[in-house]
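Listed below are the residues making up each chain.
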Amino acid sequence: MSTINLDLDLLRTFVTGVRLGSFSKAAVRVGRSQSAVSLQLRRLDAQIGATLLKREGKGLRLTPAGEIFHAYAVRLLELNDEALEVVQRRQVEGEVRLGIPPDLAETWLPRMLARFGRSHPGVFIEARVDRTATLVEDIAKGSLDLALVWERGAVPAGSNASTIATVPIVWIAAEGYEIPSSESLPLIMMGEPCLFRAQGLETLGEAGIAYRIAFTSSSLAGLWAAAAAGLGIAIRTPSVIPAGLVPLSHPSMPDLGDAALRLYTADAPSYSVRHFSKLLVETTGEFF
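Predicted, not measured: the structure shown is a model, and the values here were computed from it. (Residues numbered from 1 in each chain as written. Predicted model: local features only at pLDDT ≥ 70, side-chain atom pairs only at ≥ 80, totals over all residues. Heavy atoms only, no water.)

Engineer: Could you clarify how one ought to interpret the UniProt feature "domain: HTH lysR-type" (unreviewed entry) in the protein chain in this entry?
Structural biologist: Mapped onto the present numbering, the UniProt feature "domain: HTH lysR-type" (unreviewed entry) falls at residues 6-63. Counted over residues 6-63, helix gives 62% and strand 14%. Its end C-alpha atoms are 19 Å apart. (UniProt positions renumbered as here; feature names shortened; annotations may be inferred. Helix = DSSP H or I, 4+ residues; strand = E, 2+ residues; numbered from the N terminus.)

Structure representation (structure tokens):
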């Protein structure tokens, strides 16, 4: 039996469409017409001998085979891009001082650092985990080169910041958690200042829903532990929910809106910082 060589152009279109949640958006991103993208997807199905996507309503959804193949496709593209970067790059050295929120420090950051470290061993990375207000202040003071933060509303005027992802905010609780019907809603919160805390309390106030803060934590780990123990409901983005916890969907719970993940960059960034920033945006796009 002859070996089949996968077409990486087809894989890139497939992975881009899944990541963006739309193959019409993927067509724009990869510079092809929608009909050309449809042809690519049919060619990919034929190449691997399985149907990767099925129509659901007006969109497309991964089949079981598609979910398995998608993980491998992402890995193959990462290896392709990393190999080209290592071979073609000029030697990058220096230091990158990165500020990051707790959510991403526990989930996205290890993958990002491993990927960058393999291709840029000469760059020293200092990562600092803190809250948005502190990280933005450190950018302004020049003690950080880059800062990823959660914010709402428009990009602050005069800042060197860009929105790289928009993520829904959700109610989070232990699997099987039941909302109490005869008492105030128990909430599990990070201490102030916290975007998710402020958004949750404002939303409940506008909806006229009584609440009480049942648990406050200074760490994300404490927040998750309290939620897993059934002490109440937490508020965060769905991309960082640990095992045992789930988004809480209930008619009585109001919509919390979205949060913007923004990248702040210091003035006059070095070559290594610009290079790291480019990979950071790409990897964040894959994660979200």
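After presenting the structure, the write-up continues.
Engineer: I keep staring at helix α3 (residues 34-48) and nothing clicks. Help me out?
Structural biologist: For the α-helix, the turn length of 3.6 residues means that residues three or four positions removed from each other point alike. Relative to the 21 Å expected for 15 residues at 1.5 Å per residue, α3 spans 21 Å between its end C-alpha atoms, a close match to the ideal helical length. Regarding α3, the residues found buried are Val-37, Gln-40, Leu-41 and Leu-44. Axial view of α3: buried residues confined to an arc of 100°, hence all on one face. Along α3, exposed side chains directed more than 90 degrees from the buried face belong to Ser-35, Arg-42 and Ala-46. Following α3 by one or two positions, Gly-49 has its phi on the positive side, about 75°. (Expected span 1.5 Å × (residues − 1). Buried < 20%, exposed > 50% of the residue type's maximum accessible area, 1.4 Å probe, protein only. Arc of directions from axis to C-beta.)

Engineer: Explanation requested: the sheet that holds strand β3 (residues 94-100) in the structure shown.
Structural biologist: Backbone-to-backbone hydrogen bonds join strands into a sheet, with any given pair of strands oriented parallel or antiparallel. What the 5 strands build is an open sheet, ordered β4-β3-β5-β12-β6; its pairing is mixed. Edge positions in the open sheet fall to β4 (123-129) and β6 (161-168), since each of these has one partner strand only. Each neighbouring strand pair of the sheet contributes to a mean axis angle of 20°, computed without reference to strand direction. Where β3 meets β4, 7 bridges bridge the pair, whose relative direction is parallel. Considered in β4, the bridge of Glu-95 is made with Phe-124. Across the sheet, helix α7 (residues 132-141) is in contact with β3, β4, β5 (146-151) and β12 (258-265); its angle to β5 comes to roughly 145°. (Pairing = 2+ DSSP bridges. Axes fitted to C-alpha atoms, helices over the stretch in contact; angles between N-to-C directions. Contact = heavy atoms within 4.5 Å.)

Engineer: How should the environment of Leu-53 be read in this particular structure?
Structural biologist: Turning to its location among the elements, Leu-53 is positioned in strand β1 (residues 53-56). Note on Leu-53: relative accessible area 15%, which makes it buried. Along the sequence, Leu-53 and Tyr-72 sit 19 residues apart, while their C-alpha atoms lie 15 Å from each other. If we skip the residues at most four places from it in the chain, Leu-53 touches Phe-14, Phe-23, Leu-41, Leu-60, Arg-61, Leu-62 and Thr-63.

Engineer: What exactly am I supposed to notice about the packing of aromatic side chains here?
Structural biologist: Each aromatic ring pair is summarised here by two numbers: the centre-to-centre distance and the angle between the ring planes. Taken as a whole and judged by the stated rule, the model has 2 aromatic pairs. The interplanar angle of 45° and the centroid separation of 5.9 Å between the aromatic rings of Phe-14 and Phe-69 together place this pair among those described as tilted. In this pair, Phe-14 sits in helix α1 (residues 8-20) while Phe-69 sits in helix α4 (residues 64-88), placing the two residues 55 residues apart along the sequence. Relative to Phe-196, the ring of Trp-150 lies with its centre 5.9 Å away and its plane at 70°, an arrangement referred to as edge-to-face. (Phe/Tyr/Trp six-rings, centres within 6.5 Å; stacked < 30°, edge-to-face > 60°.)

Engineer: How should I be thinking about the sheet that holds strand β10 (residues 234-236) in this particular structure?
Structural biologist: Strand order in this open sheet of 3 strands is β10-β7-β11, and the pairing throughout is antiparallel. Lying at the two open borders of the sheet, with one neighbouring strand each, are β10 and β11 (245-247). Taking each pair of neighbouring strands and ignoring which way they run, the sheet shows an average axis angle of 40°. Of the strands in this sheet, β7 (170-174), β10 and β11 touch helix α9 (residues 220-228), which is tilted by about 130° from β10.

Engineer: Is there a simple way to think about the nonpolar core in this case?
Structural biologist: As a rule of thumb, soluble globular proteins bury nonpolar side chains together. Counting 52 residues, the largest nonpolar core has Trp-108, Trp-171, Trp-224, Phe-276 and Leu-280 as the members making the most contacts within it. By size, the runner-up hydrophobic cluster in this structure holds 17 residues, among which are Leu-44, Leu-62, Phe-69 and Val-74. (Core = buried A, V, L, I, M, F, W, Y, C linked by side-chain atoms within 4.5 Å.)

Engineer: Looking at this structure, how should I read the packing of α1 against helix α2 (residues 23-30)?
Structural biologist: Two measures define how a pair of helices packs: the angle their axes make with one another and the distance between the axes. With their axes 8 Å apart at the nearest point, α1 and α2 run at an angle of 125° to one another. Here α1 lies oblique to α2, going by the angle between them. Seen from above, α1 lies across α2 with right-handed handedness. In this structure, α1 uses Thr-13, Phe-14, Thr-16, Gly-17, Val-18, Arg-19 and Leu-20 to contact α2, whose residues at the interface are Phe-23, Lys-25, Ala-26, Arg-29 and Val-30. Its residues assigned to classes, the contact of α1 with α2 shows 6 nonpolar, 3 polar and 3 charged. (Parallel < 35°, antiparallel > 145°, perpendicular 65-115°, else oblique. Left-handed = near helix turned anticlockwise from the far one by under 90°. Nonpolar A, V, L, I, M, F, W, Y, C, P; charged D, E, K, R; others polar.)

Engineer: Would you explain the environment of Leu-185 in this entry?
Structural biologist: Structurally, the position occupied by Leu-185 is in strand β8 (residues 185-190). Residues Leu-185 and Ser-252 lie 67 residues apart in sequence; the distance between their C-alpha atoms is 11 Å. Discounting chain neighbours no more than four positions away, the residues touching Leu-185 are Ile-179, Leu-204, Ala-210, Tyr-211, Arg-212, Ile-233 and Met-253.

Engineer: I would appreciate a short explanation of the packing of α2 against α3 in the present structure.
Structural biologist: Running from N to C, α2 and α3 point in directions that differ by 105°, and their axes come no closer than 9 Å. Taken together, the axis directions place α2 and α3 in an arrangement best described as roughly perpendicular. Residues Phe-23, Ser-24, Ala-27 and Val-30 of α2 form the contact with α3, whose own contacting residues are Gln-34, Val-37 and Leu-41. Class assignment of the residues belonging to the contact of α2 with α3 gives a composition of 5 nonpolar, 2 polar and no charged.

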